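Residues per chain are reported as follows:
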Amino acid sequence: MKAVSRIYMVLIFIFLYAPLLTMVLFSFNEANSLSVFTGFSLQWYRDLFQNEEVLEVLSNTLILAALSSVIATVIGTAAAVGIEKMRSRWLKSAVTTISNMPMMNPDIVTGISMALLFVFAMKLFGMDSIFGFPTVLIAHVTFNLPYVILSVTPKIRQMDRYLPEAALDLGCTPLQSFFKVELPAIMPGVLSGLLMAFTLSLDDFVISYFTTEGDFQTLPIYIFGMTKRTVTPDIYSLSTLLFVAVLLLLILSNVMQGHAERKEQRKIAAQAGARRKKKGVR
Amino acid sequence: MKKRVFSLLLLCFLLLPLLCSCADFSPVKKLYVYNWGEYMSLEGGDDLHVNHEFEAWYEETYGERIEVVYSVFSSNEEMYAKMQNGSSKIDVIVPSEYMVERLIKEDMLIKLDFDIIAAYENTIEERFQEMATAPYCVPYTYGYLGLIYDASLDNSLFDENSEASWRVLWNEIPDGTDLSGQILTFNNSRDAFGIAQFILNHESGAKEDLYVNSTDHARWDEAYELLGQQKDCLQAYVMDEIYNKMEGGAALVAPYYAGDYFTMVSVNENLRFAYPKEGTNFFYDAMCVPKTSKNQIEAQRYINFLLGGTEGESLDIAIGNAEWIGYSSPNVKVTTNLDYLADMTDDEEGYGEEALSILYPEGDIDTLLPMVNAYADWRAEQDEDYDISDYEGEIPTIDLFTADADDFTTYIYQNLDNETLEYANGRWEALKLSSAPAGGIYALTGVIVGVLLLILVAYILVRRYRQKFY
Amino acid sequence: MNKKRSFLRTAAAYPHMVWSVLFIVVPLLFVLYYALTVENPDGSFSFSFANITALGSESYFPVFIRSICFAVVATVICLLLAYPLAYALTQCKVSSQRMLIMLVMLPMWMNLLIRTYSWMNILETNGVINNFLASIGLPRVQLLGNAAAVILGMVYNFLPYMVLPIYTVMSKIDRRYIEAAADLGCNGWQTMLRVILPLSASGVISGITMVFVPSVSTFYISQKMGNGRFEMIGDTIERQFMSNYDYHMGATLSLVLMVLIIICLAVMNRFGEEDGGVLV
């Protein structure tokens, strides 16, 4: 039984990693081919760093992801704090339902609904095309928001309710109490929300596709344009590099999390030990 | 503590690109050019980058910096959709003839100022200058549709008169070979319908154009039905995807624009080209300036620069660009330039002798080719910095390029009136919506739904049965 | 004092509320607006049900059916693959579980377009598999451009969405239930059917919705893996916006898609609640 499940897992992993392995393999290909491997070479990596267009697109993507994730984190964290404090149950559920909509709706619907809004706004104010960086930014913040709220809310619930009150009683202003007491307590949630938003925005294709235009391209859109014609191996090498970066980031955060957990456990164990000791004394 | 360091690092990592981007905020005038994919020489390094050349030339001539923002589309319809949604950030577009007509009709193009585009009169072939669209557009390239096929089919595709037919795209191969699943066709309504219409027009025996620009719905229905019959043997509807498929040998036959054949054959030398007997489409792509453009003067200077008629330097750019694109050029200065012709027919650098007969099928190739070869021989003997004006042999005239026009049937797409256009689009929608057979999937879904229902029924029964006991 | 504080607190959510209304609610209203209007020749809009009726009269209906069928098949295959995998994962050592689940999710960090394109390279007539076949003297086969390839693309891209929720729920099942079942005389299959399956039902349900929604609305996978021969509803919507310039029809189709998905979600939620109720 155990052997069967092992084999099954291996098979699934082969299935999951087959395309990634081909990608990595052919990024080192000597020839300009994505199906015949002729020999090992680093020329596509070299090409990549000389391809101004790709580098510009990459910087566009990073800027967009950074800005949209930071904005979404700020608005989202504030919103999570506010929503938790709402008295009216009706309002609370209305706000969460609405902000979860981009998560439930298919991307294509979110994308075109925003495109329609921008088209209409342009017509209404007789503006020039606003499609480009601002529109994509708005779209990305919008679909990032629910994920930030979702990762911050549990931390707020876990936090000791009396902590901010104690801070206020000790003479903090509400703002001070938020920044000095609450924010550090919910920080892990905020950070993981930020990271989530960053990667989601990095990866998004469909929504950006409907809300931008030729002028401002993100990496997925650039790749989409390429897959319409011929994909050159330098895109494979870029993807490989990005993949390795994500891998490193994940390993790092995993190690840190594991480290923190172990520390926590040690702390709990130590406390328990101390308590036991006290009892013994009594 | 560690956490704080980590979050600080993360923040730096996030803000890094922001800091980098702050560097360029200086206001530079931007010229937005919207062209077909792979339709301009924009190579890095030593090769010609037309837009960089223009930027340098512009700054030198007018003492003002300008940046060309270049983006691409893959069909006229896509370009039109982008223009419609109100994005006015386009200064130069390069639509095909029927789309130019449509844009003129909808009053979306400016009348060009030929004082700015001063090179126009001496560079553009007269037959283009006489067209109704002439005041609004400057032809950039022209060409014809043809069949591109794999060399292994050299003996199969042609009938007893050694003529090819568009019918091969319907898997009707003269020697009975089965090509189903190896055939591609256009993923744009006008060209896809066009091919069916050339066949229908040819088979009706009419000399004049009954189908291609017909306003008669019944005629469009006929073409639609023909396209419906094609669907089962097709591998895919493609536009730019064709390069990948034909170059890699994933498909064996496809119709495409003559100029693009050279791009494909340079990767896969097993490809061949033929003009089918039913006749083909004559098209031209022309540079226009939309009314919404904010930089109309600069846009027209750009067009003038591309014509390359003003100075010697700029003519080289026009020639280099025409050679790179590999389409037929409407620019007299380019086509009658012996360097251009010799480059194009060069086996190593260019596209071989077939280039002339494919690009200029209406021309008198038998007269042209010896002239070009003679010059190529002469050039081979010169040093690096030869002067073309030293050549004393015969120089071709533009008449040679249109000499045999009668032997070659061509159709020009005209803009259809709204009602016909809507009907044609509707037919195209219907064609696209109908799917290749996927019976297996429907059957599977049926089975799944059946199994789910069974489980539900069993579940309910079991619950009832149990409730009796508790 | 207290009241003021809590008012201040709620105010923190205001920017988000304004944002949500502006960029979530209003755009969706625009979808509705465009769906219920047609454009006049002079560019103005007038109210009409023409788009809605066109849904029935033209060939859009089969496209919906096709999309749903493909998505259902893909979802079920995902479920059949993911459930045993999630179970096998929970049987592994706890220390290696975290790494394994990360390995399952890792491919998701690669861009969807690149992943799909990579599959094309593998399956194409001149692709990796066919080159291998040719090198050992077998004939090349057409692997791309059929319904199975589209399903493969969907399953591949969305499988992790199915594994994760099922695994999460399963790993939280108290071991003692399983031991108790064994003590009470259940064999392996009975334990699976009577204990583990019902206890992991909520994970299955959220997995199904997470796979079904993107499958039914995809437009890239079907175009690439199916060579554009199987038009899905996503393809149709994309074409309305990107080349056909019929925003009104596109909005109508998206509206229907949205309603369809809301119905699905509601039904799934209903199931989820019911099952949960039965269990607890």
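Worth saying up front: this structure is predicted, and the values here are computed from it rather than measured. (Residues numbered from 1 in each chain as written. Chains lettered and ligands numbered in written order. Predicted model: local features only at pLDDT ≥ 70, side-chain atom pairs only at ≥ 80, totals over all residues.)

### Topic: the interface of chain A and chain C
Where interface size is quoted, it is often the accessible area lost as the parts come together. Listed by partner, the interface residues are 59 residues for chain A and 64 residues for chain C. Listed by contribution, the elements that provide at least two residues to the side of chain A that touches chain C are helix H1 (2-27), helix H3 (52-85), helix H4 (89-104), helix H5 (107-125), helix H6 (133-158), helix H8 (174-203), helix H10 (219-228) and helix H11 (233-281) of chain A. Considering each element in turn, the side of chain A that touches chain C owes the most residues, 12 residues, to H1 of chain A. For the side of chain A that touches chain C, a count of residues per class yields 44 nonpolar, 13 polar and two charged. (Contact = placed C-beta atoms within 7 Å. Helix = DSSP H or I, 4+ residues; strand = E, 2+ residues; numbered from the N terminus. Nonpolar A, V, L, I, M, F, W, Y, C, P; charged D, E, K, R; others polar.)

### Comments concerning the sheet that holds strand E2 (residues 66-73) of chain B
Residue and element names in this part refer to chain B. An order of E2-E1-E3 is seen for the three strands of this open sheet, with the pairing classed as parallel. Strands with a single pairing partner mark the edges of an open sheet, and in this sheet they are E2 and strand E3 (92-93). Sheet topology places strand E1 (residues 29-36) next to E3; two bridges connect them, and they run parallel. Bridging from a neighbouring strand, Val-33 pairs with Val-92 of E3. Contacts from helix H11 (residues 296-307) reach E1, E2 and E3, with the element oriented near 50° to E1. (Pairing = 2+ DSSP bridges. Axes fitted to C-alpha atoms, helices over the stretch in contact; angles between N-to-C directions.)

### Concerning the nonpolar core
Counting residues in each nonpolar core, the largest one holds 142 residues, and the members touching the most others are Leu-116 of chain A together with Phe-70 and Val-163 of chain C. A per-element tally of this core places helix H8 (residues 147-171) of chain C first, with 17 residues. In this structure, Leu-116 of chain A is in contact with Pro-27, Phe-30, Val-31, Tyr-34, Tyr-247 and Ala-251 of chain C, ignoring residues within four places of it in sequence. Core analysis: the next-biggest nonpolar cluster, separate from the first, contains 127 residues, Trp-36, Ile-317, Ile-365 and Tyr-375 of chain B among them. (Core = buried A, V, L, I, M, F, W, Y, C linked by C-beta atoms within 7 Å. Buried ≥ 20, exposed ≤ 12 C-beta atoms within 10 Å, placed from the backbone.)

### A word on H11 of chain B
Here H11 of chain B is 12 residues long and its end C-alpha atoms lie 17 Å apart, about the 16 Å a rise of 1.5 Å per residue gives. Following H11 of chain B by one or two positions, Gly-308 of chain B has its phi on the positive side, about 65°. (Expected span 1.5 Å × (residues − 1).)

### Section: unusual backbone geometry
A positive phi angle, near 60°, is found at Asp-107 of chain B, a position not held by glycine. Looking at the secondary structure, you find Asp-107 of chain B in the loop between helix H4 (97-105) and helix H5 (120-123). Here Asn-227 of chain C, not a glycine, exhibits a phi torsion of approximately 55°, which is positive. When you line up the elements, Asn-227 of chain C lands in the loop between helix H12 (220-225) and helix H13 (233-242).

### A short note on the packing of helix H14 (residues 338-345) of chain B against helix H16 (residues 365-381) of chain B
Residues and elements named next belong to chain B. With their axes 9 Å apart at the nearest point, H14 and H16 run at an angle of 90° to one another. Looking at the two axes, H14 sits roughly perpendicular to H16. In this structure, H14 uses Leu-338, Leu-341, Ala-342 and Thr-345 to contact H16, whose residues at the interface are Val-372, Tyr-375, Ala-376 and Arg-379. Tallied by class, the residues present in the contact of H14 with H16 amount to six nonpolar, one polar and one charged. (Parallel < 35°, antiparallel > 145°, perpendicular 65-115°, else oblique.)

### Here we look at the domain arrangement of chain B
Residue and element names in this part refer to chain B. Structurally, chain B comprises domain 1 (24-137 + 288-307), domain 2 (143-282 + 410-433) and domain 3 (333-404). Placing a centre on the C-alpha atoms of domain 1 and another on those of domain 2 gives a separation of 30 Å. Taken together, the nine residues of domain 1 in the interface contact eight residues of domain 2. When its residues are assigned to classes, the side of domain 1 that touches domain 2 shows one nonpolar, three polar and five charged. (Domains from an automatic or database assignment.)

### Some points on helix H3 (residues 76-84) of chain B
Here H3 of chain B lies mainly inside the structure; seven of its nine residues are buried. For H3 of chain B, every residue scored as buried is listed here: Asn-76, Glu-77, Met-79, Tyr-80, Ala-81, Lys-82 and Met-83 of chain B. Contacts made by the buried residues of H3 of chain B are with E1, E2, E3 and H4 of chain B together with H13 of chain C.

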